[in-house]
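# Residue-level structure breakdown
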Protein chains: 4
Amino acid sequence: MIIKLKRNPKEEEVENLRRWIEGRGIEVMTSVGANITILGLVGDTTKLDIDLLKTMSIVEDVKRIQEPYKAVNRRFHPEDTVITLEDGTKIGGDNFTMIAGPCSVESEEQVIEIARRVKNAGANILRGGAFKPRTSPYSFQGMGTDGLELLLKAKKETGLPIVSEVMDASQLQYFKDVDILQVGARNMQNFHLLKEVGKLDKPVLLKRGLSATYEEWLMSAEYIMSGGNKNVILCERGIRTFETKTRNTLDISAIPVLKSETHLPIIADPSHATGTRRLVEPLAKAAVAAGAHGVMIEVHNNPEGALCDGPQSLDPEQFDGIAEKLKKLRKTIEEIG
Amino acid sequence: MIIKLKRNPKEEEVENLRRWIEGRGIEVMTSVGANITILGLVGDTTKLDIDLLKTMSIVEDVKRIQEPYKAVNRRFHPEDTVITLEDGTKIGGDNFTMIAGPCSVESEEQVIEIARRVKNAGANILRGGAFKPRTSPYSFQGMGTDGLELLLKAKKETGLPIVSEVMDASQLQYFKDVDILQVGARNMQNFHLLKEVGKLDKPVLLKRGLSATYEEWLMSAEYIMSGGNKNVILCERGIRTFETKTRNTLDISAIPVLKSETHLPIIADPSHATGTRRLVEPLAKAAVAAGAHGVMIEVHNNPEGALCDGPQSLDPEQFDGIAEKLKKLRKTIEEIG
Amino acid sequence: MIIKLKRNPKEEEVENLRRWIEGRGIEVMTSVGANITILGLVGDTTKLDIDLLKTMSIVEDVKRIQEPYKAVNRRFHPEDTVITLEDGTKIGGDNFTMIAGPCSVESEEQVIEIARRVKNAGANILRGGAFKPRTSPYSFQGMGTDGLELLLKAKKETGLPIVSEVMDASQLQYFKDVDILQVGARNMQNFHLLKEVGKLDKPVLLKRGLSATYEEWLMSAEYIMSGGNKNVILCERGIRTFETKTRNTLDISAIPVLKSETHLPIIADPSHATGTRRLVEPLAKAAVAAGAHGVMIEVHNNPEGALCDGPQSLDPEQFDGIAEKLKKLRKTIEEIG
Amino acid sequence: MIIKLKRNPKEEEVENLRRWIEGRGIEVMTSVGANITILGLVGDTTKLDIDLLKTMSIVEDVKRIQEPYKAVNRRFHPEDTVITLEDGTKIGGDNFTMIAGPCSVESEEQVIEIARRVKNAGANILRGGAFKPRTSPYSFQGMGTDGLELLLKAKKETGLPIVSEVMDASQLQYFKDVDILQVGARNMQNFHLLKEVGKLDKPVLLKRGLSATYEEWLMSAEYIMSGGNKNVILCERGIRTFETKTRNTLDISAIPVLKSETHLPIIADPSHATGTRRLVEPLAKAAVAAGAHGVMIEVHNNPEGALCDGPQSLDPEQFDGIAEKLKKLRKTIEEIG
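Residues numbered from 1 in each chain as written. Chains lettered and ligands numbered in written order. Predicted model: local features only at pLDDT ≥ 70, side-chain atom pairs only at ≥ 80, totals over all residues. Heavy atoms only, no water.

Here the focus is the overall build of chain A. Looking only at helices and strands, one finds ten helices and 14 strands in chain A. Along the first, second and third principal axes, the C-alpha atoms of chain A reach 75 × 45 × 40 Å. For chain A, the residues scored as buried account for 66% of the 337 residues in total. In chain A, the share of contacts with a sequence separation of at least 24, taken over all contacts with a separation of at least 6, comes to 67%. Counting every atom, chain A has about 11500 Å² of accessible surface; 44% of that belongs to carbon and sulfur. (Helix = DSSP H or I, 4+ residues; strand = E, 2+ residues; numbered from the N terminus. Buried < 20%, exposed > 50% of the residue type's maximum accessible area, 1.4 Å probe, protein only. Contact = heavy atoms within 4.5 Å. Areas by Shrake-Rupley, 256 points an atom, 1.4 Å probe, with all protein chains shown as cover.)

If you want it as structure tokens, here you go:
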């Protein structure tokens, strides 16, 4: 961390600041130039409150030189985190994970039919929304606990582990048998929820916020990990840009950058990233080529009648085709390195 | 609402779609051109699920012509909403509201001292954070319920109504004597929280999300109002842009645009919008000149030592000066119309 | 195009507007509802000035239903454009193009060495900057015409066609023997330059502006094509987002979306998109997987000493490795379809 | 400037780097910590190429501590720049400038009528577009040199100095009698044009680019000033954001921030910033309240028939009212300080 002091600071004040910082176990190096005095902080500055420093009267600016995250930081945990679900399914490292299923759970018939189809096509995990975050209070809000029941039936029927979104800590009680808790993009900085899921040891799939930076996203993962839960999966689902022909813009760079910054698994969701069925295949391929640990794809047995997010859902036959292609592509990527 | 159909749709399918829409009490006008068929929907399309429509096989695109919000819409409620607090303080309409206080409550001495000072300077409402949303789990998270206690003491001492942020529905039990519930920018689309505060009749100050559009913001207000709570105050607090010299970018246009779109009061928070003490005055003036119903300003009795957001806090003396200027400016604005 | 009229328009004015539009050979369909009157325009609205329509007193809003571009529109030109350079090199369609070379031309030795190396690795075209757009007037501005001379020597030496950026129409006189004119991101809406290159028949590589939408980008291509020059290549080079760990954000969706919207070739520039050497490989792979017609990659024989854009340049050996991988990946993509 | 070195750099390489920098007259302070080595550069780093530094093998990251601009920097020129036009009109400092006129010049009658009206209302300068940058090649491109002729007639008739946009350096020959050259938002980084207008001594009104940061904008002004032309006026005209209800988003913070960063005059253009007639008044007021040195407002004698940008133009009567209000508001702002 670099602290730039205001011009001509009083020596006494500089001394006080220096002692205050050193009292936190951090080494301070002072550089005095003609017009400028700079303090270089060396040590674990993760827990130093940058906002507090900025308030001090002799401080003009503070810049971080090192990342403010620690538990998620690959620098301190060079090995990939590999998460193992109850049934042995592994996420992260050299494993490639395909998560598929409907945006919203709508009926027993629907979810079981889709679960069977995506399992046959090679999916490892079933996704399905029971609690649905919707921009409008007048849109379908999901089946709630009934939807979770149906997902659990599909899990029992097919053996596929399940992932579903939890929108509020008060709903966690219903997720005991759900394998992976999804925290949605709009809740990425719902810090209360992050703290609560941080107390569990259930894997959490943390979606990136619509306009979140990598650092903010990693800090949200840090919230979960600092609570004790080591099982975090990051999911790039597209960011907001000025483009209107796609719902969001898949930030493909997130995959290689985050693989370097953190040891956590990172997957891509091309369905939400584009909002368009036709774009799911090219973007899923791009994610595989860029090194993603997996993809999450929406599949519906009757996309025409889906209660939400229909335009981006594939039917099971289309998913068969894409799953096949992704497996071949993944093989090439492994071969060429 | 305008529905553009795919090329050469089957007549039967068009007829089905038309009947389905008309069954919802909406009139459908069909325009058939050489290359294009368009359906124009006339009536209350607010409760029509635009996503569902887009899933239909014959639909190419759907565009709204009317706003998707109803309860917050000035078109249906031409009169300004004026909110009256228990002590008679009014917000909205022709009233001008000054909310001031510390970012975080830190001690009894601090909050009472500031409350007295800002009241003397003309503030109508005291702000103070007890539960603090922080990007890092390692930053100060607020005094919690103890903080609320201190705010209530300051209220008793000075008579000023208070506003404080609620981060999660589970905290609502502690806010019984708080006059206005603040929903923060990062929770603007925490739909569970919106629904819960929608069940109360306590005023809610709803901050705009960092990258939210006006429509999304108004839809979040609609969540609260559709739950029965009519007392919503909108607060523009700056949006995220590419600029890094300010923390956020105050969107001054939000004030006149929202005054036209909705009957709800709209105020501006120049402290969070800029993150810089020096910019609070010019931006507060701009907000007054643009017609804001009020401003919310951070004041700290010792900005050097504030535990959070210090760089943007004024000291009480600085606030005295600004409050005086804003009152004069407001008078000129009222005079010139 | 859909025109929403203001409430209760005068019949006479509606009739005037309708006649005015029909006089431009466009059919008008009127839909009158209880609260709203909508005109649906059917026909070639490309040349209708949407801004002019919005000025009319009875018009509340105008929305396009069809794209405002024509010459670049795949709807009217279903076949892929394939551009053939003088030496027979083809760009677009089923061809895969690798453009490589230094950011800036620095010396004869440098550019010839790199040209040889990238040709051996499989590159089809040599890139090199002679006129350099730099944010600061104090940064190296390129070798200018001397740089072009060196590029032409490298072309003569290796047979590789060359592409170089033209920053102003007054420089076009120096580009007679350059195979492809590059129009840079900051000049994407330099309409004078677009018109001037539109008068030539030399291929133009048009980079996307930092914050341009697909539509704006295609409209800039339309400027060139409407001038008579049919040989436009689009190049996605990353857009500005809030992320700071990468210089720009490669918008991978641009590739499949633009392949559907237009018949023009589209390539990706992972070097500028990321600004980081280490990210060039994963993003180049992603571009290939997403279906790009080619990639443009910066290669420097001594990245440590490059006068500009060094951090994103590969050395020839690294390029050898990537080129090899991209060719294998491209083969897999062709096989799996 | 702060240079963060890679881990465990070779001492010899550090020494080389240090000598290379010191050779440029800059003092280097080295701070060595357990895990990190930092070089602090003190002196005039404006002309140091940050990109070049980043290329060096031992460098991990470079951060600026001081601004990269010099000629425009208030730090080195504490006094406000005041620009005096031929007729004595002053811009900057304590002067308040009202620029008004049509978006496009359309006819002699139109431009003279408007010139008279805006002069009577108190405008100091007449604006009018002759060369028009338009997104579509099919939109009206302006009257060109004929338009300039008409502007000059209006200048002769009314005595108002004139400002008009130059889109390309090749057009500069026609601007000899134009008082202020406008460089448009899309040309803010047309470096060739900036260099050419930098060679003149005619005042330049430099609009901010649609997504430009303050620093980029100031660097473009630096291009002009470093060429020798000291007469630059900055014009905030709205930036691109996610909001669609306004054409652009007026960044009101730009005014106080730039008044602090630079000595150059800064004005606001509420017409282009919003694209909506009804929003011009509140935003012009906000700009005055925030301390702008002036405003630029579009006025049309028949907004219904304007060939471009009609929806944002006021008619002369509306401008009378606004001009009156702005003068009163400006008086209050001067009084309250």
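Still more to cover.
This part is about the relation of the copies chain A and chain C. Superposing chain A onto chain C takes a rotation of 180 degrees plus a shift of 0.0 Å along the axis, which leaves an RMSD of 0.0 Å. The relationship between the two copies is best expressed as a two-fold rotation axis. Judged by C-alpha distance, Ala286 of chain A is the residue of chain A that lies nearest the rotation axis, at 2.0 Å. Most of the interface of chain A is mirrored in chain C: 100% of its interface residues are interface residues there too. (Least-squares fit on C-alpha atoms with pLDDT ≥ 70 in both.)

Reports of interface size often rely on the accessible area that becomes lost once the parts have come together. Contact residues are listed per partner, giving 37 residues for chain A and 37 residues for chain C. Around 3100 Å² of area is buried between chain A and chain C when both sides are counted, 69% of it from carbon and sulfur atoms. Between chain A and chain C we count four salt bridges in total. Ionic pairing is found between Glu261 of chain A and Lys245 of chain C, a salt bridge with its closest N-O pair at 3.6 Å. At the boundary of chain A and chain C, one finds eight residue pairs in polar contact (both at pLDDT 80 or more). Of all the secondary structure elements, the ones that give two or more residues to the side of chain A that touches chain C are α7 (254-261), α9 (277-289) and α10 (316-336) of chain A. If you tally residues by element for the side of chain A that touches chain C, the top one is α9 of chain A, at eight residues. Of the residues contributing to the side of chain A that touches chain C, the split by class is 17 nonpolar, nine polar and eleven charged. (Buried area = accessible area lost by both parts, 1.4 Å probe. Salt bridge = Lys/Arg side-chain N within 4 Å of Asp/Glu carboxyl O. Polar contact = N/O pair within 3.5 Å; in protein donor to acceptor, adjacent residues only side chain to side chain. Nonpolar A, V, L, I, M, F, W, Y, C, P; charged D, E, K, R; others polar.)

Our next topic: the packing of aromatic side chains. What the rule picks out here adds up to twelve aromatic pairs over all chains. Relative to Phe242 of chain D, the ring of Phe242 of chain A has its centre 5.4 Å away and its plane inclined at 50 degrees; by these criteria the two rings are tilted. Of this pair, Phe242 of chain A sits in the loop between β12 (232-236) and α7 while Phe242 of chain D sits in the loop between β12 (232-236) and α7 (254-261), each in a different chain. One aromatic cluster is present, formed by Phe242 of chain A, Phe242 of chain B, Phe242 of chain C together with Phe242 of chain D through successive ring pairs. The side chain of Arg24 of chain C reaches across the aromatic face of Trp20 of chain C, ending 3.8 Å from its centre. Above the ring of Phe242 of chain A, the side-chain terminus of Arg240 of chain D is found at 5.9 Å from the ring centroid. (Phe/Tyr/Trp six-rings, centres within 6.5 Å; stacked < 30°, edge-to-face > 60°. Lys NZ or Arg CZ within 6 Å of the ring centre and 35° of its normal.)

For the rest of this paragraph, the subject is the sheet that holds strand β3 (residues 37-42) of chain B. In sheet architecture, strand pairing relies on hydrogen bonds along the backbone and comes in two forms, parallel and antiparallel. Residues and elements named next belong to chain B. The strand order across the open sheet formed by four strands is β2-β3-β1-β4, and the pairing between neighbours is antiparallel. At either margin of the open sheet sits one strand with a lone partner, and together these are β2 (27-32) and β4 (59-63). Averaged over all neighbouring strand pairs, the angle between strand axes comes to 20 degrees, with direction disregarded. Of the strands in this sheet, β1 (2-5), β2, β3 and β4 touch helix α1 (residues 11-22), which is tilted by about 155 degrees from β2. (Pairing = 2+ DSSP bridges. Axes fitted to C-alpha atoms, helices over the stretch in contact; angles between N-to-C directions.)

Moving on: the environment of Val257 of chain C. You can see Val257 of chain C is positioned in helix α7 (residues 254-261). You can call Val257 of chain C buried: its relative accessible area is 4%. Residues Val257 of chain C and Tyr214 of chain C, 43 residues apart in the sequence, show an inter-C-alpha distance of 8.7 Å. Excluding residues that lie within four positions of it along the chain, Val257 of chain C makes contacts with Lys245, Thr246 and Leu279 of chain A together with Tyr214 of chain C.

Another aspect to go through is the pairing of strand β3 (residues 37-42) of chain C. Residues and elements named next belong to chain C. Counting buried positions over the six residues of β3 gives six, a clear majority of the element. Alternating residues of β3 divide into Thr37, Leu39 and Leu41 and Ile38, Gly40 and Val42, and every residue in both groups is buried. Of the strand pairs in this sheet, strand β1 (residues 2-5) and β3 are connected by three bridges, and their pairing is antiparallel. The residue of β3 that forms the bridge with Ile2 is Gly40. The sheet contact formed by strand β2 (residues 27-32) and β3 spans six bridges and is antiparallel.

Contacts between the two partners involve 50 residues from chain A and, on the opposite side, 50 residues from chain B. Contact between chain A and chain B buries roughly 4100 Å² in total, counting both sides, with carbon and sulfur atoms accounting for 50%. For the pair chain A and chain B, the number of links is two salt bridges. A salt bridge links Arg240 of chain A to Glu216 of chain B; the nearest nitrogen and oxygen atoms lie 2.4 Å apart.

This brings us to a negative patch on the surface. Residues and elements named next belong to chain A. A cluster of acidic side chains, namely Glu86, Asp87, Asp146, Glu149 and Asp177, defines a negative patch on the protein surface. Note on placement: Asp177 falls in the loop between β9 (162-165) and β10 (180-183). Among the residues examined, Asp177 registers a relative accessible area of 51% and is labelled exposed. (Patch = residues over 30% accessible without salt bridge, like charges linked within 9 Å, V, L, I, M, F, W, Y side chains within 5 Å. Lys, Arg positive; Asp, Glu negative; His and termini not counted. Charge placed at Lys NZ, Arg CZ, Asp CG, Glu CD.)

This part covers α7 of chain A. For α7 of chain A, the buried fraction is high: six of the eight residues fall into the buried class. For α7 of chain A, the elements touching its buried residues are α6 (214-226), β12, β13 (266-268) and α9 of chain A together with α9 (277-289) of chain C.

All names here are of chain D. Among the five residues of strand β14 (residues 294-298), five are classified as buried, and the element is accordingly described as predominantly covered. Burial of β14 is two-sided: the residues Gly294, Met296 and Glu298 facing one way and the residues Val295 and Ile297 facing the other way are all buried. In the sheet, strand β7 (residues 97-101) pairs with β14 via five bridges, with the strands oriented parallel. The residue of β14 that forms the bridge with Gly101 is Glu298. As paired strands, strand β13 (residues 266-268) and β14 are joined by two bridges and run parallel to one another. From the neighbouring strand, Ala268 faces β14, where its bridge partner is Val295.

Quick look at the nonpolar core now. Counting 322 residues, the largest nonpolar core has Ile252 of chain A, Ile252 of chain B, Ile252 of chain C together with Ile252 of chain D as its most contacted members. Non-local contacts of Ile252 of chain B, meaning those with residues more than four positions away in its chain, are made with Ala286, Ala287 and Ala290 of chain B together with Leu250, Ile252, Leu283 and Ala286 of chain D. (Core = buried A, V, L, I, M, F, W, Y, C linked by side-chain atoms within 4.5 Å.)

Turning our eyes to something else, we now look at the packing of helix α10 (residues 316-336) of chain B against helix α10 (residues 316-336) of chain D. Following both chains from N to C, one finds α10 of chain B and α10 of chain D inclined at 165 degrees, their axes separated by 10 Å at the closest point. Between α10 of chain B and α10 of chain D, the angle falls in the class roughly antiparallel. You can see that α10 of chain B and α10 of chain D cross each other, and the crossing is right-handed. Contacts between α10 of chain B and α10 of chain D involve Lys325, Lys328, Leu329, Thr332, Ile333 and Ile336 of chain B from the former and Lys325, Lys328, Leu329, Thr332, Ile333 and Ile336 of chain D from the latter. Classifying every residue of the contact of α10 of chain B with α10 of chain D by side-chain character gives six nonpolar, two polar and four charged. (Parallel < 35°, antiparallel > 145°, perpendicular 65-115°, else oblique. Left-handed = near helix turned anticlockwise from the far one by under 90°.)

Further remarks concern the environment of Thr97 of chain A. Residues and elements named next belong to chain A. Within the secondary structure, Thr97 sits in strand β7 (residues 97-101). Separated by 165 residues in the primary sequence, Thr97 and Thr262 have C-alpha atoms spaced 18 Å apart. Contact partners of Thr97, with chain neighbours within four places excluded, come to Lys90, Ile91, Asn124, Ile125, His293, Gly294 and Val295.

Once that is clear, we can look at helix α3 (residues 108-121) of chain D. All names here are of chain D. Between its first and last C-alpha atoms α3 spans 20 Å; for 14 residues at 1.5 Å apiece the expected length is 20 Å, and the two agree. When α3 is considered as a whole, its buried residues turn out to be Gln110, Val111, Ile112, Ile114, Ala115, Val118 and Ala121. Its buried side turned inward, α3 meets β7, β8 (125-127), α4 (145-158) and α10. Of the residues trailing α3, Gly122 is marked for its positive phi of about 115 degrees. (Expected span 1.5 Å × (residues − 1).)

What follows covers the sheet that holds strand β2 (residues 27-32) of chain D. Residue and element names in this part refer to chain D. With antiparallel pairing, the four strands of this open sheet are ordered in space as β2-β3-β1-β4. Edge positions in the sheet fall to β2 and β4 (59-63), since each of these pairs with one other strand and no more. The mean inter-strand angle of the sheet, taken between neighbouring strand axes irrespective of direction, is 20 degrees. Together, β1 (2-5), β2, β3 (37-42) and β4 form the strand contacts of helix α1 (residues 11-22), whose direction differs from that of β2 by roughly 155 degrees.

Residue and element names in this part refer to chain A. Mapped onto the secondary structure, Asn248 falls in the loop between β12 and α7. When its relative accessible area of 5% is taken as the criterion, Asn248 is described as buried. From its side chain, Asn248 meets the backbone oxygen of His272 in a polar contact 3.1 Å long.

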